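Examining the three-dimensional arrangement
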Amino acid sequence: MNKKSNFNQILVIIALIAVGFYLGFVFPGTKKNSGKETSNEADTTSEQSTQGVSVGIDQVKSAFNNAAIKFGDDSKKVIFLEISDPSCPYCQIAAGYNSELNSQSGNFKLVKDGGTYVAPVQEMKKLVESGDAAFAMIYQNGHGNGQMSMKALYCANEVGKFWEAKALLFSNAGYNLMNNTVKNDKTQSGVLADFLASAVDKNTMKSCLDSGKYDAQLNTDVSTANSLGVSGTPGFFVNDKSYSGAYSYSDMEPVVKSALGK
């Protein structure tokens, strides 16, 4: 083989290497869906919202105490925080009331429907009712259509009907209503109140929504969520352990059992 042929082969190899580097930078590999939604930007990593932020138990307790919706107190061995947007699909999935959405969303099919996913919110509710844990729900704008529905949850909590209202809003019908009809439109308060009438008297709900009494609480919740490093929804804390996305309760259970000494 002459020198000219060798030189040409070297040029080809150099060109191939250059193309490889170009493709690597311009078309990087994509990462798997994390089971969360981010606000105002694309979700580019599966470990983004809370994983890079160090949060201590005192900060979790402070967030719990500042929440409008909370059950129990910060002396419990287990404190759950749910940072959520009712209109967010992965928040709906984590709540476990929307079998249709869970079954349509990959690996989130509920155990009761023949899948393996254990919705964390319902397990948290059980532990709150047994007296073993405290729970707070904090709003974060993760999907964009949940403001009116979150205010409805504040209103329902005021009259002791939070869980009943949540079950309705986090159903398939509730998900479609808030994303396709109500959104953040204050003029839809009557529609929302009618939908929640089996949980809360519709006149009481409409009056509460129309009063604007919880408008500022949305901002307070968002500030709290940001202080915890949660920019996407859902985000969960089990004491100071964070879970960014729609984790199964199976992933959280060892931390819970350890805290409870089980």
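Residues numbered from 1 in each chain as written. Predicted model: local features only at pLDDT ≥ 70, side-chain atom pairs only at ≥ 80, totals over all residues. Heavy atoms only, no water.

Here's the deal with the overall build of the chain
The helix and strand inventory of the chain stands at twelve helices and seven strands. Within the chain, the proportion of its 262 residues that are buried is 46%. Contacts spanning at least 24 positions in sequence make up 72% of the contacts within the chain whose residues lie at least 6 apart. Here the chain displays about 12,600 Å² of accessible surface, and carbon together with sulfur accounts for 51% of that area. (Helix = DSSP H or I, 4+ residues; strand = E, 2+ residues; numbered from the N terminus. Buried < 20%, exposed > 50% of the residue type's maximum accessible area, 1.4 Å probe, protein only. Contact = heavy atoms within 4.5 Å. Areas by Shrake-Rupley, 256 points an atom, 1.4 Å probe, with all protein chains shown as cover.)

Description of the packing of aromatic side chains
What describes a pair of aromatic rings is the distance from one ring centre to the other and the angle between the planes of the rings. All told, the structure shown has eight aromatic pairs when counted by the stated rule. When the ring of Phe71 is compared with that of Phe162, the centres are 5.7 Å apart and the planes differ by 40°; the resulting orientation is tilted. Taken together, the residues Phe71 in strand β2 (residues 69-71) and Phe162 in helix α7 (residues 162-169) connect sequence positions 91 residues apart. On the basis of relative accessibility, which here comes to 22%, the residue Phe71 falls in the partly exposed class. Taking the relative accessible area as the measure of exposure, Phe162 reaches 1% and is therefore buried. Among the aromatic side chains, those forming a connected cluster through ring pairs are Phe71, Phe135, Phe162 and Trp163. The ring of Phe170 has Lys166 sitting right over it, with the charged end atom 4.9 Å from the ring centre. The side chain of Lys241 reaches across the aromatic face of Tyr243, ending 5.8 Å from its centre. (Phe/Tyr/Trp six-rings, centres within 6.5 Å; stacked < 30°, edge-to-face > 60°. Lys NZ or Arg CZ within 6 Å of the ring centre and 35° of its normal.)

Some thoughts on the nonpolar core
Of all hydrophobic cores here, the largest spans 56 residues; its most connected members are Phe80, Leu153, Leu192 and Met205. For this core, the element with the highest residue contribution is helix α6 (residues 147-158), accounting for seven residues. When near neighbours in sequence (up to four residues on either side) are disregarded, Leu153 contacts Ile69, Pro86, Met137, Phe162, Ala165, Lys166, Leu169 and Phe170. (Core = buried A, V, L, I, M, F, W, Y, C linked by side-chain atoms within 4.5 Å.)

Overview of the confidence of the model for the chain
Within the chain, residue pLDDT values average 85, and 80% of them lie at 70 or more. Contacts for the low-pLDDT stretch residues 10-33, under 50 throughout, to residues beyond four places or in other chains number five contacts. (pLDDT = per-residue confidence, 0-100.)

Quick word on the side chain of Ser248
Inspection of the secondary structure puts Ser248 in the loop between β7 (241-244) and α12 (249-260). When sequence neighbours within four positions are dropped, the list of residues in contact with Ser248 reads Tyr117 and Val118.

Notes on the sheet that holds β2
Pairing between sheet strands relies on hydrogen bonds along the backbone, with the strands arranged either parallel or antiparallel. The five strands are arranged β2-β4-β3-β6-β7 in an open sheet whose pairing can be described as mixed. Each edge of the open sheet is held by one strand with a lone partner, namely β2 and β7. Averaged over all adjacent pairs, the angle separating strand axes in this sheet is 15°, with direction ignored. In the sheet, strand β3 (residues 78-84) pairs with strand β6 (residues 235-238) via four bridges, with the strands oriented antiparallel. (Pairing = 2+ DSSP bridges. Axes fitted to C-alpha atoms, helices over the stretch in contact; angles between N-to-C directions.)

Topic: the packing of α6 against helix α11 (residues 215-227)
Packing of α6 against α11 brings their axes to within 10 Å, and their N-to-C directions diverge by 100°. Taken together, the axes of α6 and α11 lie roughly perpendicular to each other. Only Asp215, Gln217, Leu218 and Asp221 of α11 make contact with α6, whose side of the interface consists of Gln147, Met150, Lys151 and Tyr154. (Parallel < 35°, antiparallel > 145°, perpendicular 65-115°, else oblique.)

A word on the pattern of salt bridges
Between side chains of opposite charge, a pair can form as their charged atoms come close. Enumeration according to the criterion identifies ten salt bridges in this entry. The salt bridge partner of Glu129 is Lys125, with a shortest N-O separation of 2.6 Å. Here Glu129 pairs with Lys125, and both are found in helix α5 (residues 120-129), just four residues apart, close to one helical turn. A relative accessible area of 55% means that Glu129 is categorised as exposed. Here the salt bridges do not stand alone but share partners, grouping Lys151, Lys186 and Asp215 into one network. (Salt bridge = Lys/Arg side-chain N within 4 Å of Asp/Glu carboxyl O.)

What about the environment of Ala156?
With respect to the helices and strands, Ala156 occurs in helix α6. Sequence separation of Ala156 and Met205 is 49 residues, and the distance between their C-alpha atoms is 7.3 Å. Those residues in contact with Ala156 that sit more than four places away from it in its chain are Lys161, Phe162, Ala165, Val200 and Met205.

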